[in-house]
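# A structural walkthrough
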There are 2 protein chains.
Amino acid sequence: MTRVRVDLNISLDGFATTEDGTPENPFGEDWARLTADYVATRTFHERVLHDTSGAGTTGVDDNYAARYFEGVTAEIMGAGMFGLHLYGDDPDWRGWWGDAPPFGYPVYVLTHRPRPSLEFDNGTRFEFLEASPAEGLALAREAAAGGDVRIGGGATTVRDFLRAGLVDDLHVAIVPILLGRGIRLWDDLRGFEAGRRVTSESAPSGVTHVSFERESDR
Amino acid sequence: MTRVRVDLNISLDGFATTEDGTPENPFGEDWARLTADYVATRTFHERVLHDTSGAGTTGVDDNYAARYFEGVTAEIMGAGMFGLHLYGDDPDWRGWWGDAPPFGYPVYVLTHRPRPSLEFDNGTRFEFLEASPAEGLALAREAAAGGDVRIGGGATTVRDFLRAGLVDDLHVAIVPILLGRGIRLWDDLRGFEAGRRVTSESAPSGVTHVSFERESDR
Ligand SMILES: NC(=O)c1ccc[n+]([C@@H]2O[C@H](COP(=O)([O-])OP(=O)(O)OC[C@H]3O[C@@H](n4cnc5c(N)ncnc54)[C@H](OP(=O)(O)O)[C@@H]3O)[C@@H](O)[C@H]2O)c1
Ligand SMILES: NC(=O)c1ccc[n+]([C@@H]2O[C@H](COP(=O)([O-])OP(=O)(O)OC[C@H]3O[C@@H](n4cnc5c(N)ncnc54)[C@H](OP(=O)(O)O)[C@@H]3O)[C@@H](O)[C@H]2O)c1
C-alpha cells in the first residue's frame, strides 16, 4: 500500500531552510553544513553524484539515505525546490540535477506558473501543475501505482502536506547545529506524534534520525 | 575546574516549558510527558523520590540522569522554578521538594523579591537574591569550591545564562513529542555549537541526549 513519505534534514533548532545563499553560491554554507553527513554517504555518491567508485560513508546515516531512495515511485515538490523561484524566467531551466535526475519516476512540481513537462532518459518526468496538496497527491498516488509517494520539499510544501494530515511517514535527520533562522519545520504541528510510532537513532556523525510512522488503521 | 552546566528536557520542537498546568495539577499533562523517561529512571527514584527499592530504569536515560547529579556543588535557579511565581505570597513556601530537596548544597534563587534563606538538614540551603547572571554565577562559583555549578532552570533563567555565554556544558534530553507552545530553548542561539564538542545518543525510550561541551582553552 502506498505510503506518503517525507525525509528532511533539519537543524537542532528546527530549521529546514538556510538563508545565506548568494548568486555565486545559491545553496550557501549553512546548507552545506546541514547536509554534509547525508552528502557524505555512499548512497548519495551513487544515487545523486553517479559515483560508483564505492566512495562515501556506510553506517547509520547511509542506512537512512538508502531508505530514502527505496520504494518511491512518484514525488511531489514545490516550485522553490525545483529552482523556479530563482530560475523560473529561464524557459530552459531543467532543475538542479543534470541529465539524470535522481528520481526515475514522475515528479509533480506544484507551481502557480505551470510550464511544459520535461522528460529524461532515466524515466524521470517533471510535470508542473497548479493543484491543492490533496489534488496533487491524488495524481501522484495514481502515478505511483502502489509504490510510495514522496513529498520531496521544500520546507513550505512539506509543511503544507504535514499540516493537512497527508503525510504517513516523516523522517528527519537532525543535525546538531543551531541555524537560528529560516523556515521552522515544526510550527503548528502540536500532537503530530499521536497515532505514529516514533523511533530515534543517533549516528556517530552526531546526526540523530527521528522517524514517525503512521500506524495502520487496524 | 568548575564547569557551568545545564541539563534540560525539551520537546522535539524545542519547547522547555509547558502551559497546561492548572491549580489542581500545577505541572500538567505535558510536563508529565516531557519528563516521563527521566522520572522513570532509577536515579530519579533514588535521588528525588528517595525510593531506594531499586525501582526505576537503568540504561541510557539513567546514565544521563546520574551524570546530572554528579559533581555539582552549587546551583542557580529562577524564581519561577522555585515556585515563587505561584506561591510567592506564602511566606512558608519552601519549594516543591519536601524535607530533603535533591541538592545538598547552596542553591541561589534569582528573584526581584528576595526573602530569608532556607536551610535543610541534608545540606541544601536556598538563598534568594537579586543579581545579574554574571554576579549570581560569581557567588555560586565561590560556593562551589571547585565543583560544578548547575543552572537548574527554569527556561527563562537558562536562556539568560546561555545567551550571556556563561554556560560551558549543555545537555538536552529531546523527547519526541511536539508541544507546539511554550518557551523555545533555542531562540537567538545561532552558532552555539562553535567551540563545543557535540555528542548525540538515542535511548530505547525514544529520547535523544545531545550534549555540547565547551572545549577547554588550550
Ligand atoms: N531541509 C531539507 O531537507 C530540504 C529539502 C528540500 C528543500 N529544502 C529547502 O527548501 C527551500 C525551498 O523550499 P521553499 O519552502 O522555499 O519552497 P517550496 O516548498 O519548494 O515551493 C513553494 C512554492 O511552490 C509553489 N506551490 C506550493 N504549493 C502550491 C500549490 N498547492 N499550488 C500551486 N503552487 C504551489 C508556490 O510557488 P509559486 O507560487 O511561485 O509557483 C510556492 O511558493 C530551500 O531553502 C531548500 O534548501 C530543504
Ligand atoms: N525543561 C526543563 O528541563 C525544565 C527545567 C526546569 C524548569 N522548567 C520549566 O521552566 C518554567 C519555569 O521557568 P520560568 O522560565 O517561568 O522562570 P525561571 O527561569 O525559573 O524564573 C524566572 C524569574 O526569576 C527571576 N529572575 C531571573 N533572573 C533574575 C535576575 N537576574 N535578577 C532577579 N530576578 C531574576 C524573575 O522573577 P521575579 O522577577 O518574579 O522575582 C524571573 O521572572 C516552568 O514551566 C518549568 O516547568 C523546565
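Residues numbered from 1 in each chain as written. Chains lettered and ligands numbered in written order. Predicted model: local features only at pLDDT ≥ 70, side-chain atom pairs only at ≥ 80, totals over all residues. Heavy atoms only, no water.

The name recorded for chain A in an unreviewed UniProt entry is Deaminase reductase, from Demequina activiva.

### Quick notes on the relation of the copies chain B and chain A
For these two chains of identical sequence, chain B goes onto chain A by a turn of 180 degrees and a shift of 0.0 Å along the axis, with RMSD 0.0 Å. Taken together, the rotation and translation describe the operation of a two-fold axis. Within chain B, the C-alpha atom positioned nearest to the axis of rotation is that of S202 of chain B, 2.8 Å from it. Of the interface residues in chain B, 100% have counterparts in chain A that sit at the interface too, so the contact is made through matching surfaces. (Least-squares fit on C-alpha atoms with pLDDT ≥ 70 in both. Contact = heavy atoms within 4.5 Å.)

### Here's the deal with the sheet that holds strand β3 (residues 106-110) of chain A
Whether parallel or antiparallel, the strands of a sheet pair through hydrogen bonds between backbone atoms. Residue and element names in this part refer to chain A. Across the sheet, 9 strands lie side by side as β4-β5-β3-β2-β6-β1-β7-β9-β8; this open sheet has mixed pairing. Of all the strands in the sheet, just β4 (118-119) and β8 (196-202) have a single pairing partner and so form its edges. Strand direction decides the pairing type here: β4 and strand β5 (residues 125-129), joined by 2 bridges, are antiparallel. Paired with L118 across the two strands is F126, which belongs to β5. Strands β1 (4-11) and β7 (169-175) of the sheet are contacted by helix α1 (residues 28-39), whose axis makes an angle of about 120 degrees with β1. Sitting on the sheet, helix α3 (residues 60-69) is in contact with β1, β2 (72-78), β6 (148-153), β7, β8 and β9 (208-214), with an inclination near 35 degrees to β9. (Pairing = 2+ DSSP bridges. Helix = DSSP H or I, 4+ residues; strand = E, 2+ residues; numbered from the N terminus. Axes fitted to C-alpha atoms, helices over the stretch in contact; angles between N-to-C directions.)

### Points about the sheet that holds strand β4 (residues 118-119) of chain B
Residue and element names in this part refer to chain B. Spatially, β4-β5-β3-β2-β6-β1-β7-β9-β8 is the arrangement adopted by the 9 strands of the open sheet, whose pairing is mixed. What marks the edges here is a single partner per strand, and that holds for β4 and β8 (196-202). Of the pairings in the sheet, the one linking β8 to strand β9 (residues 208-214) comprises 7 bridges and is antiparallel in character. From the neighbouring strand, E201 faces β9, where its bridge partner is H209. Taken strand by strand, helix α1 (residues 28-39) contacts β1 (4-11) and β7 (169-175), and its axis lies near 120 degrees from that of β1. Of the strands in this sheet, β1, β2 (72-78), β6 (148-153), β7, β8 and β9 touch helix α3 (residues 60-69), which is tilted by about 35 degrees from β9.

### Overview of the site of ligand 2
Residues and elements named next belong to chain B. In the vicinity of ligand 2, 21 residues are found, and the nearest of them are M81, H112, A131, T156 and T157. The contact in question runs from an oxygen atom of ligand 2 to an N or O atom on the side chain of H112, over 2.5 Å. Separating a nitrogen atom of ligand 2 from a backbone N or O atom of A131 is a distance of 2.7 Å. Burial of ligand 2 by the protein amounts to 78% of the accessible area it has alone, namely 940 Å². Elements with a contribution of two residues or more to the shell around ligand 2: β1, α4 (79-82), β6 and α7 (155-163). (Near = heavy atom within 4 Å. Polar contact = N/O pair within 3.5 Å; in protein donor to acceptor, adjacent residues only side chain to side chain. Areas by Shrake-Rupley, 256 points an atom, 1.4 Å probe, with all protein chains shown as cover.)

### So, the environment of N9 of chain B
Residue and element names in this part refer to chain B. Secondary-structure assignment places N9 in strand β1. The exposure class assigned to N9 is buried, which follows from its relative accessible area of 17%. With 109 residues separating them in the primary sequence, N9 and L118 have C-alpha atoms 27 Å apart. With residues up to four places along the chain from it excluded, the contact list for N9 reads F15, A16, L34, T35, Y38 and A173. (Buried < 20%, exposed > 50% of the residue type's maximum accessible area, 1.4 Å probe, protein only.)

### A short note on the site of ligand 1
All names here are of chain A. Near ligand 1, the surroundings consist of 21 residues, among which M81, H112, A131, T156 and T157 are the closest. Contact between ligand 1 and H85: an oxygen atom at 2.8 Å from a side-chain N or O atom of the residue. H112 places a side-chain nitrogen or oxygen 2.5 Å from an oxygen atom of ligand 1. Against a free-state accessible area of 930 Å², the protein chains account for coverage of 79% of ligand 1. Elements that contribute at least two residues to the shell around ligand 1 include exactly β1, α4 (79-82), β6 and α7 (155-163). Of the residues contributing to the shell around ligand 1, the split by class is 9 nonpolar, 12 polar and no charged. (Nonpolar A, V, L, I, M, F, W, Y, C, P; charged D, E, K, R; others polar.)

### Regarding the interface of chain B and chain A
When the parts of a complex come together, some accessible area is lost, and that lost area is often taken as the interface size. Listed by partner, the interface residues are 27 residues for chain B and 27 residues for chain A. Among the residues chain B hides against chain A, the three largest losses belong to L12, L178 and R190 of chain B. Together they make up 32% of the total. Seen at the junction of chain B and chain A, the total is 6 salt bridges. A salt bridge links D30 of chain B to R190 of chain A, with the shortest nitrogen-to-oxygen separation between them at 3.0 Å. Connecting chain B to chain A are 17 residue pairs in polar contact (both at pLDDT 80 or more). Among the elements of the structure, α1, β8 and β9 of chain B are those that each provide at least two residues to the side of chain B that touches chain A. Tallying contributions element by element places β8 of chain B first for the side of chain B that touches chain A, with 4 residues. Its residues assigned to classes, the side of chain B that touches chain A shows 12 nonpolar, 6 polar and 9 charged. (Buried area = accessible area lost by both parts, 1.4 Å probe. Salt bridge = Lys/Arg side-chain N within 4 Å of Asp/Glu carboxyl O.)

### Topic: the side chain of T111 of chain A
Considering the arrangement of structural elements, one finds T111 of chain A in the loop between β3 and β4. In this view, T111 of chain A contacts A79, L84, F128, L129 and E130 of chain A; residues no more than four positions away in its chain are not counted.

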